[in-house]
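# What the coordinates show
Here is how the chains run, residue by residue.
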Amino acid sequence: MTTLKHACVHVLDLPRSLRFYQEALGLTPQRELSMPERNWALVFLGDGVTEFQLELCQELDRSEPFHLGDDTPHVALVADDFDTLKARHKEQGLIFDELPSGIYFIRDPDGHILEILPQQA
């Protein structure tokens, strides 16, 4: 058996992505890691509730945006106060898709898709 630990997304600008994930979703840095042999800077974000983390990885010598492809995977997050968060994301113009159930999708600054779910989903 295995257990889930983290998911990694590559970002072009680590400080910009950190601000986004903190401000838009309330995730906070749990640990940082430098990998000079790969020229990577890593920050692991957590929700303070579960042990699962989202790893943001910046390739320090990269200057070109990432091309995510046609079938981009997504990360799903459960919102404590779904209606308030949804209203804020709508006001900020972050929502690009919404299902009839109310579940919705936003993109981070690099285009990674984030699915926002209510508690009971």
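Structure shown above.
The structure presented is a predicted model; accordingly, all values stated were derived computationally and were not measured.

## Concerning the overall build of the chain
Secondary structure assignment for the chain yields 2 helices and 8 strands. N-terminal to C-terminal, the α/β element order of the chain is β-α-β-β-β-β-α-β-β-β. Here the C-alpha atoms of the chain give a radius of gyration of 15 Å, agreeing with the 14 Å that 2.2 N^0.38 yields for 121 residues. Along the three orthogonal principal directions, the C-alpha set of the chain runs to about 45 × 35 × 30 Å. The burial tally for the chain puts 38% of its 121 residues in the buried class. By sequence separation, contacts in the chain at least 24 residues apart represent 50% of the contacts at least 6 residues apart. Here the chain has roughly 7,800 Å² of accessible surface; of this, 50% comes from carbon and sulfur atoms. Positive and negative charge centroids in the chain, built from 10 and 21 side chains respectively, lie 1 Å apart.

## Some remarks on the pairing of strand β4 (residues 53-59)
Of all 7 residues making up β4, 6 are buried, and the element is well covered by its neighbours. Across 6 bridges, the pairing between strand β3 (residues 40-46) and β4 is antiparallel. Paired with V43 across the strands is L56, a residue of β4.

## So, the pattern of salt bridges
Counted according to the given criterion, the structure contains 2 salt bridges. E98 is the salt-bridge partner of K86, the closest N and O atoms lying 2.4 Å from each other. Highlighted residues: K86 in helix α2 (residues 82-91) and E98 in strand β6 (residues 95-98), separated in sequence by 12 residues.

Conventions we followed
- Residues numbered from 1 in each chain as written.
- Predicted model: local features only at pLDDT ≥ 70, side-chain atom pairs only at ≥ 80, totals over all residues.
- Heavy atoms only, no water.
- Helix = DSSP H or I, 4+ residues; strand = E, 2+ residues; numbered from the N terminus.
- Rg over C-alpha atoms; globule rule 2.2 N^0.38 Å.
- Buried < 20%, exposed > 50% of the residue type's maximum accessible area, 1.4 Å probe, protein only.
- Contact = heavy atoms within 4.5 Å.
- Areas by Shrake-Rupley, 256 points an atom, 1.4 Å probe, with all protein chains shown as cover.
- Lys, Arg positive; Asp, Glu negative; His and termini not counted.
- Charge placed at Lys NZ, Arg CZ, Asp CG, Glu CD.
- Pairing = 2+ DSSP bridges.
- Salt bridge = Lys/Arg side-chain N within 4 Å of Asp/Glu carboxyl O.

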